[in-house]
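Examination of the molecular architecture
Here is what each chain is made of, one letter per residue.
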Amino acid sequence: LKNICKRSDFEGWKHIIIFTFSLIGLGYLCAYFWGSWWFIIFYLAYCTMWGGSDAIWHECGHRTAFKSRKLNDFFYLIGSFMNNFEPVRWRWSHAMHHSYTGSLDPHDYETEDMIFTHHSLPRFLFIFVPGSNFFYLHKSLYVEIIKHALGIETKVMRDCIPEYKIKTCINSSRLFVLLWISIILLSMYLQSFLPIFLF
């Protein structure tokens with residue numbers, strides 16, 4: 001267990017390099033086959049690979065992916081953007097989550113969509129239906145980030161983020177919104193939905 005738990009920059013870089021080149025390769029295939037039925041197959045693979053950024057976000061957030069704190073923090077920011085997890089909010093809410101892991105405590109902001117928080121199995125399964133997120137748009141991370149970017153205090157901000165980190169959270173949220181707008185403008189400029197699909 002001690003050997004497995006040893007932190008290593010080599011292991012961290014190995015994972016990041018394999019992940020990044022796999023994502024770029026699949027992204028290239030998506031662009032190449034854009035407009036054909038083959039796109040769907042490569043896009044599903046691309047999205048599955050993109051989903052792996054959650055592991056990068058999580059391990060770098062716990063500073064276990066690399067030995068170097070700076071590398072962990074750098075890739076934590078990238079993983080945060082890829083998951084639409086504003087990094088300041090999630091640094092503190094995730095710490096709170098580990099204080100209440102597996103509980104239904106209202107301060108645990110990560111158990112909301114878990115099966116034991118739903119009153120019925122059909123309601124839980126509904127979240128896997130494509131497009132069902134539109135019914136919960138008011139609870140989405142996008143709306144939360146936009147609120148933070150506008151300086152609106154949310155419940156998670158009050159409960160989790162220390163006062164001295166709130167301004168950093170607001171600025172980080174503004175950067176996320178700026179990146180989203182840039183991707184939309186790029187799509188408009190290229191007259192293609194591909195950048196939006198890829199990000």
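The present account deals with the structure reproduced in this document. (Residues numbered from 1 in each chain as written. Predicted model: local features only at pLDDT ≥ 70, side-chain atom pairs only at ≥ 80, totals over all residues. Heavy atoms only, no water.)

The subject of this paragraph is helix α10 (residues 166-190). End to end, α10 covers 36 Å across 25 residues, agreeing with the expected 36 Å (1.5 Å per residue, within 8%). Of all the residues in α10, the buried ones are I166, C169, I170, S172, S173, F176, V177, W180, I183 and S187. Two residues or fewer after α10 comes Q191, characterised by a positive phi angle close to 55°. (Helix = DSSP H or I, 4+ residues; strand = E, 2+ residues; numbered from the N terminus. Expected span 1.5 Å × (residues − 1). Buried < 20%, exposed > 50% of the residue type's maximum accessible area, 1.4 Å probe, protein only.)

Another point: the packing of aromatic side chains. For the structure on display, the rule yields 23 aromatic pairs. Between W13 and F66, the aromatic rings sit 5.8 Å apart at their centres with planes inclined by 75°, giving edge-to-face as the arrangement. Taken together, the positions of W13 in helix α2 (residues 9-32) and F66 in the loop between α4 (53-61) and α5 (69-83) put the pair 53 residues apart, joining distant regions of the chain. F66 gets classed as buried once you look at its relative accessible area, which sits at 0%. With a centroid separation of 6.2 Å and an interplanar angle of 25°, the aromatic rings of Y28 and Y32 are classed as stacked. One end of the pair is Y28 and the other is Y32, both in helix α2 and four residues apart, which spans about a single turn. Side by side, Y28 and Y32 carry an identical accessibility label, which is exposed. Feature note: the residues W34, F39, Y43, Y46, W50, F197 and F199 constitute an aromatic cluster, connected by ring pairs. Here R89 stacks its cationic end above the ring of W90, 4.1 Å away from the centre of that ring. (Phe/Tyr/Trp six-rings, centres within 6.5 Å; stacked < 30°, edge-to-face > 60°. Lys NZ or Arg CZ within 6 Å of the ring centre and 35° of its normal.)

By the definition in use, this model includes seven salt bridges. Across the salt bridge formed by R63 and D73, the nearest N and O atoms sit 2.9 Å from each other. Of this pair, R63 sits in the loop between α4 and α5 while D73 sits in helix α5; the two residues are ten residues apart in sequence, bridging distant segments of the chain. Its relative accessible area of 22% is what places R63 among the partly exposed residues. For R69, the salt bridge is made with D73, and the minimal N-O distance between the two is 4.0 Å. Pair noted here: R69 and D73 are both in helix α5, with a separation of four residues, about one helical turn. What makes R69 exposed here is its relative accessible area of 53%. (Salt bridge = Lys/Arg side-chain N within 4 Å of Asp/Glu carboxyl O.)

A few words now on the nonpolar core. Counting 22 residues, the largest nonpolar core has L23, C30, Y46, I56, C60, F66 and F75 as its most contacted members. At the level of elements, α2, α3 (38-51), α4, α5 and α11 (194-198) are the ones that each hand at least two residues to this core. Residues within four places of C60 in sequence aside, it is in contact with A65, F66, N72, F75, Y76 and R91. (Core = buried A, V, L, I, M, F, W, Y, C linked by side-chain atoms within 4.5 Å. Contact = heavy atoms within 4.5 Å.)

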